[in-house]
Protein chains: 4
Amino acid sequence: MVGYKFMGKAHSHAYKDIGMFFDLDKSVEMKAICGRDEANVKEAAERFGWSEYETDWRALIARSDIDLIDVNAPSNSHKEIVMAAIQAGKHVFCEKPLALNLQDAREMLSAAEKAGIVHAVCFNYRYLPAVQLAKQLIDEGRLGEIHHYRATYLQDWLVDPGFPLAWRLQKEVAGSGSHGDLNAHCVDLARYLIGDIDRVVGQQKTFVKQRPIAKSMVGLTAVSSDEMGAVTVDDATSFLAQFKNGALGTFEATRFATGWKNGNTFEIYGSNGAVRFNLERLNELEVFLREDEPHLQGFRTIMATESVHKYAAQWWPPGHTIGYEHAFIHLIYEMISSMDSRHSRTYPDFYDGMKCQQVLEAVERSIETQSRVHVDEL
Amino acid sequence: MVGYKFMGKAHSHAYKDIGMFFDLDKSVEMKAICGRDEANVKEAAERFGWSEYETDWRALIARSDIDLIDVNAPSNSHKEIVMAAIQAGKHVFCEKPLALNLQDAREMLSAAEKAGIVHAVCFNYRYLPAVQLAKQLIDEGRLGEIHHYRATYLQDWLVDPGFPLAWRLQKEVAGSGSHGDLNAHCVDLARYLIGDIDRVVGQQKTFVKQRPIAKSMVGLTAVSSDEMGAVTVDDATSFLAQFKNGALGTFEATRFATGWKNGNTFEIYGSNGAVRFNLERLNELEVFLREDEPHLQGFRTIMATESVHKYAAQWWPPGHTIGYEHAFIHLIYEMISSMDSRHSRTYPDFYDGMKCQQVLEAVERSIETQSRVHVDEL
Amino acid sequence: MVGYKFMGKAHSHAYKDIGMFFDLDKSVEMKAICGRDEANVKEAAERFGWSEYETDWRALIARSDIDLIDVNAPSNSHKEIVMAAIQAGKHVFCEKPLALNLQDAREMLSAAEKAGIVHAVCFNYRYLPAVQLAKQLIDEGRLGEIHHYRATYLQDWLVDPGFPLAWRLQKEVAGSGSHGDLNAHCVDLARYLIGDIDRVVGQQKTFVKQRPIAKSMVGLTAVSSDEMGAVTVDDATSFLAQFKNGALGTFEATRFATGWKNGNTFEIYGSNGAVRFNLERLNELEVFLREDEPHLQGFRTIMATESVHKYAAQWWPPGHTIGYEHAFIHLIYEMISSMDSRHSRTYPDFYDGMKCQQVLEAVERSIETQSRVHVDEL
Amino acid sequence: MVGYKFMGKAHSHAYKDIGMFFDLDKSVEMKAICGRDEANVKEAAERFGWSEYETDWRALIARSDIDLIDVNAPSNSHKEIVMAAIQAGKHVFCEKPLALNLQDAREMLSAAEKAGIVHAVCFNYRYLPAVQLAKQLIDEGRLGEIHHYRATYLQDWLVDPGFPLAWRLQKEVAGSGSHGDLNAHCVDLARYLIGDIDRVVGQQKTFVKQRPIAKSMVGLTAVSSDEMGAVTVDDATSFLAQFKNGALGTFEATRFATGWKNGNTFEIYGSNGAVRFNLERLNELEVFLREDEPHLQGFRTIMATESVHKYAAQWWPPGHTIGYEHAFIHLIYEMISSMDSRHSRTYPDFYDGMKCQQVLEAVERSIETQSRVHVDEL
């Protein structure tokens, strides 16, 4: 694994717990974690349960006792590390965004496909039981023809102008702001649930253009300095979409939605029914079915913790809810299960990572040109 | 009053009940109701409590014993009736949309202002206690600088393709579909709550293009025939907006949001706080305040039924909720109160009706041109 | 009508509006309202729309142009007025509680039955569309055998110890506190929905035993004096019940449930399904059905505003909610409809009023004896 | 650790994950797990991460390399194992119920106190961040004097009469049904949050008295046989309580609340505020404060995932929710932290286990005698 911050912790936890709850053909060995700061990565290795650590990712990739490279270092390092891992014949699990731009993503996909490795992108939210249930209902035809898709990813951690200039607010490191960080999840879920997007038009804003430079920062907790620096990414990006299947979509990502902490939501309205999801209540899915008798129609709140719900039986009895970290375990379970034979495939993979990037860039172009953009033109 | 259908009933009820709950300087006398079908209008007069009826609106306007003309006939008749009423020196209360197009709305506004009458447009939702509370919080500065405005008006009565071709689906009568009917309310609330819109870009769709022609129709209940006709208005219209105060907005109106019946919602996120409203729970307002102590922050659900909430003390004790029709009474109370002296003013008035129309048309132009449109260009 | 305060207003409003929304064989004429204070009752007559007023209820009853006497004067006057009205051959509509004690209630029932009049008690909450839907589902067998009934009536208007000594806090006028005022509604709904109660055991408390005597009081708004007086009724009463059909019940009424304004709730759990209701969201009923497919089970929130829901078609389109006052109109509609022929019956009637009183008294006896009491022993 | 079923898995997971998220002075070594069936316990040891296994708990206790014995074997074995562990000078962590009866619980408490060991009982729900927040608000005086405590523990896994006769339905193994299993949690939370109970009166029922004997059973999934056996524990038990501080309480536990899966809820109403909690949404606490300005009062939903909320900073960023299993980790963290020096104490301990048992038995006695019982009489 390369990276040991927020996502490093979430991924490590998944590798550690997976064998306790899921049956795998092979055992997971947490060989080595890699980071540039030796003291920090050493501590992370101990805390997270990795046998060894490396300070050079090239050394990590060169090891013959490692089958899978997990890349969750900052976004601007993804391409280089991933390409090297592919060339070394490793399976690769990459955090989102797959790359900083569409061109890079296409190269990475192409390399991965040629190498025949298992490649995965960490759009973890697909793997929540409630999201799986939404997918199942759509596949069963319960919603009918889809007319509307509405997605938001609402957070509020930037609403305080005194919040410092984190790396996520610098374009050269993060690539993008709320759009790349949050809309990326929304676009992946939309593609997963109802299919590809045809056309988009968007708008974007940076509300607070200067922020104090951080002296130090752990998670979202930082110590600010007196010096100010420019925010070079968007605080909020929203866009309208038309899907290839004819549905209309609205997407909205922001770090200025005061009161929301992790409001990754979607609503899907079809000719036969509807579903609604909110990550802040991730065990639940709201479902409306027109097939219900007229006097009994209403949105029902389903707790996706029954044994009939995907992955739920691996955990606790009904109503004993799971949390944020569990989706990583499910995704990694599927990825590892697909590693039995070369050329097998897991989802979401680099193709999904590339397609997501394509939509995000189409939105950016529409903002520059103030007009509608066809996704496939990119 | 001209018109005796859904809105005729709602307005009549308001005139009938207002004196029981509100103190007015003058008493309300329900003189005469007007409609073209004598049998129907006669029955409406009796049922709704009007002393007399007329079958020609010109005769109604010609009467000297009438101070206020209430126009809730189909949208394509508004201009002619309103202009005649203004010329006769009557106060005028007009259902939304004020007119079928911006040019007409401007003429009506101009005539009303010149005549010095009281003029009002029935954007009734402004007058719900929970909406009044949202306005109060914004005016008190509780939300701070506004960053985001999100509005929806979600209904589902057209999702069945067998639903017949009602007059609301015919452009020549209704003027517009979900956009003019539903987004009109959203735009008025947005202007009322946070101010004017600068730029917009939208998308629009008619999902079901042919519907059976109705033999007869009462409210939303209809008997269909075998003959099909073309739907000439939009089923759904969404748009992105930038407000003059710098806030970003998203608006979405649809009659295809399966499971929603009357989902007129808004969410406002500011630098200090946020509010959320949903017409299906119209007694409630959700409020988040960053001024709360850190461990106590969360969205609170306020029931706007306390005596400190506007209009609530006129009704029942706390927690004894009101319904859809009450907002009409509040609006009419304010309008009648303003009729004490000529040249006094009530809200929303024809200026608000015109400004709403301007935004709606800007959205339509953006859809035609597939690019962003400045509202003031129209 | 005798009485012109809170309930006088609610009943008057119902008589006034009923003809506008419901079809009756006869027209409702609001002949006369009666109260002891001439100035007040005169003003009430004008405001509420009564043709005349009386200051002596005996004079009212003596009038030959009146068919129905509506009694909503303070509880300690019910028996005398109702008995006189029955003797005069009038139909009688009495506010709850029917009487101050079971013996009186039995006499009133007996007199009413002998006289063959239509008699009704104002347990208005039966007549909300959402409650009607709960009843319908139970009658359809959707819930199966009932195992649990949970009822609360939670208010908080007494939690401030400075709130004055209202008449509702004096046993000689009100008869009882939260128990008679609030549990009365809960018991009636329980009987209506799942049947009679067999055994009870309760507990009761007056948290604030002395309160300032009110100089004046309008609704729940009062001006206090410096003098203190004793609260002689209960602030809160809860009890356990076993129903004749084998179900277990819990009931809780209080005026000290901080944050609740009008929390009349019930939950019913049966072998096939469940329902939940909360008066603060009176348009909604939550329903769970075990007949749903396993992966689709969840509580659904049904808005009882569709034309298939009882009384809803008389009002507004789906999703256009009604308020507190509408249940009175529905109840009075049923009562007036039953007045076509002598000996016809409406619900809830004096038998229901008596049965409710019997349960309330059984609870009081159980509190005195600190042991379980069989309702039929009283 | 003795036991390897549902609770064995939950506890093992906690020992495994604790070091990754919490800083302990000592490292946790998972030495050995014990069970009677060698094949099963061997598999559990591997899956759960224990270094070794034992098939005789006496051998486990005899080992000198073990400091803490975790007892989560069936309830009827607790006393014997715990007493032996205490005599061997081990710290002891025992699942609830501590014992099958009050007398045994008192002996275990006495032995533990004499031995000076750290002793803990697994009332895990105390350690949810939202419950900790409720406790904090009460300690801060935010709720004022407490008037009402309402608790439920609602499940529905027995509502199907075909569900087999699990060991939890047999008195000789489980000791009690819903009362001992579910009300035990409710009583502990009540004691923790607002203090000891003075008097109780209850009612109880077994709705389905005969069930098919299970051939095999894993979790709640079973294969039934044709043979029937008697259910010897309660399906539902509710009781009224008066607390020593003067508050009134209602408690209700059932496995027949159709639609509820894990409805461990409490509501607390005080003179200054109120809180509400529901385990099915365990990251949230609803709070009402009378100190809020009048027009801003309402129940707020606080997500207890901010760094100011206890334990939350150890996990993920705000809004990234935790699940059922996390409370075990928090409890075990506190317990292990208290093991630094002999005679230190953790909560809940055997005293809490004994006091909980005392209340449960007082309720049972009240049901037998059909009258109120003082808890301290037992």
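Residues numbered from 1 in each chain as written. Chains lettered and ligands numbered in written order. Predicted model: local features only at pLDDT ≥ 70, side-chain atom pairs only at ≥ 80, totals over all residues. Heavy atoms only, no water.

Help me get a handle on the relation of the copies chain C and chain B, residues and values and all.
Rotating chain C by 180 degrees about the axis while translating it 0.0 Å along that axis superimposes it on chain B, leaving an RMSD of 0.0 Å. Viewed as a symmetry operation, the transformation between the two copies matches a two-fold axis. When each C-alpha of chain C is compared by its distance to the rotation axis, G323(C) comes out closest, at 2.1 Å. A share of 100% of the interface residues of chain C reappears at the interface of chain B, consistent with the copies meeting face to face through the same patch. (Least-squares fit on C-alpha atoms with pLDDT ≥ 70 in both. Contact = heavy atoms within 4.5 Å.)

Pulling in residues and values, what's your account of the pattern of salt bridges?
Scanning the model with the defined rule gives 134 salt bridges over all chains in all. Measuring nitrogen to oxygen at the nearest pair gives 4.0 Å for the salt bridge that ties E43(B) to R47(B). In this pair, E43(B) and R47(B) are both assigned in helix α2 (residues 38-48), four residues apart and thus about one turn of the helix distant. With a relative accessible area of 45%, E43(B) lands in the partly exposed category. Classification of R47(B) by relative accessible area gives partly exposed; the value is 22%. The structure contains a network of salt bridges with shared partners spanning E29(A), K31(A), E52(A), E54(A), R63(A) and D65(A). (Salt bridge = Lys/Arg side-chain N within 4 Å of Asp/Glu carboxyl O. Helix = DSSP H or I, 4+ residues; strand = E, 2+ residues; numbered from the N terminus. Buried < 20%, exposed > 50% of the residue type's maximum accessible area, 1.4 Å probe, protein only.)

Tell me about the relation of the copies chain A and chain B, and name the residues and values.
When chain A is brought onto chain B, the operation consists of a screw motion whose angular component is 180 degrees and whose axial shift is 0.0 Å, with 0.0 Å RMSD remaining. Looking at the interface residues of chain A, 100% of them are also at the interface in chain B, so both copies use one shared face.

Outline the interface of chain A and chain B, supporting the account with residue identities and numerical values.
In this assembly, 44 residues from chain A lie in contact with 44 residues from chain B. Roughly 3800 Å² of surface becomes buried between chain A and chain B when both sides are summed, with 55% attributable to carbon and sulfur atoms. Together, Q203(A), T258(A) and R372(A) form the three largest contributors to the area buried by chain A at its contact with chain B, with a combined 17%. Where R150(A) meets E252(B), a salt bridge forms, and the shortest distance between an N and an O atom there is 2.8 Å. Linking chain A with chain B are 20 residue pairs in polar contact (both at pLDDT 80 or more). If you list the elements that add at least two residues to the side of chain A that touches chain B, you get β6 (146-154), β7 (197-205), β10 (236-243), β11 (248-254), β12 (263-270) and β13 (273-278) of chain A. For the side of chain A that touches chain B, the element with the highest residue contribution is β10(A), accounting for six residues. Of the residues belonging to the side of chain A that touches chain B, the class tally is 16 nonpolar, 19 polar and nine charged. (Buried area = accessible area lost by both parts, 1.4 Å probe. Polar contact = N/O pair within 3.5 Å; in protein donor to acceptor, adjacent residues only side chain to side chain. Nonpolar A, V, L, I, M, F, W, Y, C, P; charged D, E, K, R; others polar.)

Tell me about the environment of K261(A), residues and numbers included.
As for its placement among the helices and strands, K261(A) is situated in the loop between β11 and β12. Accessibility expressed as a relative area gives 14% for K261(A), which makes it buried. With residues near it in sequence (within four places) discarded, K261(A) still touches L154(A), Q155(A), D156(A), E280(A), F288(B), E306(D), P318(D) and G319(D). Polar contacts involving the side chain of K261(A) include one to the side chain of D156(A), which spans 2.9 Å.

Give me the domain arrangement of chain A: which residues, what numbers.
One frequently used descriptor of interface size is the decrease in accessible area upon assembly of the parts. Residue and element names in this part refer to chain A. Segmentation of chain A into domains returns domain 1 (6-124) and domain 2 (129-281 + 283-322). Counting from both sides, the interface comprises 11 residues of domain 1 and, opposite them, 15 residues of domain 2. In total, domain 1 and domain 2 occlude about 1100 Å² of area from one another, counting both sides; carbon and sulfur atoms represent 63% of this. Counting across the interface, domain 1 meets domain 2 through one salt bridge. The closest approach of N and O atoms between K96 and D181, which form a salt bridge, is 3.0 Å. Remark: the boundary between domain 1 and domain 2 carries four residue pairs in polar contact (both at pLDDT 80 or more). (Domains from an automatic or database assignment.)

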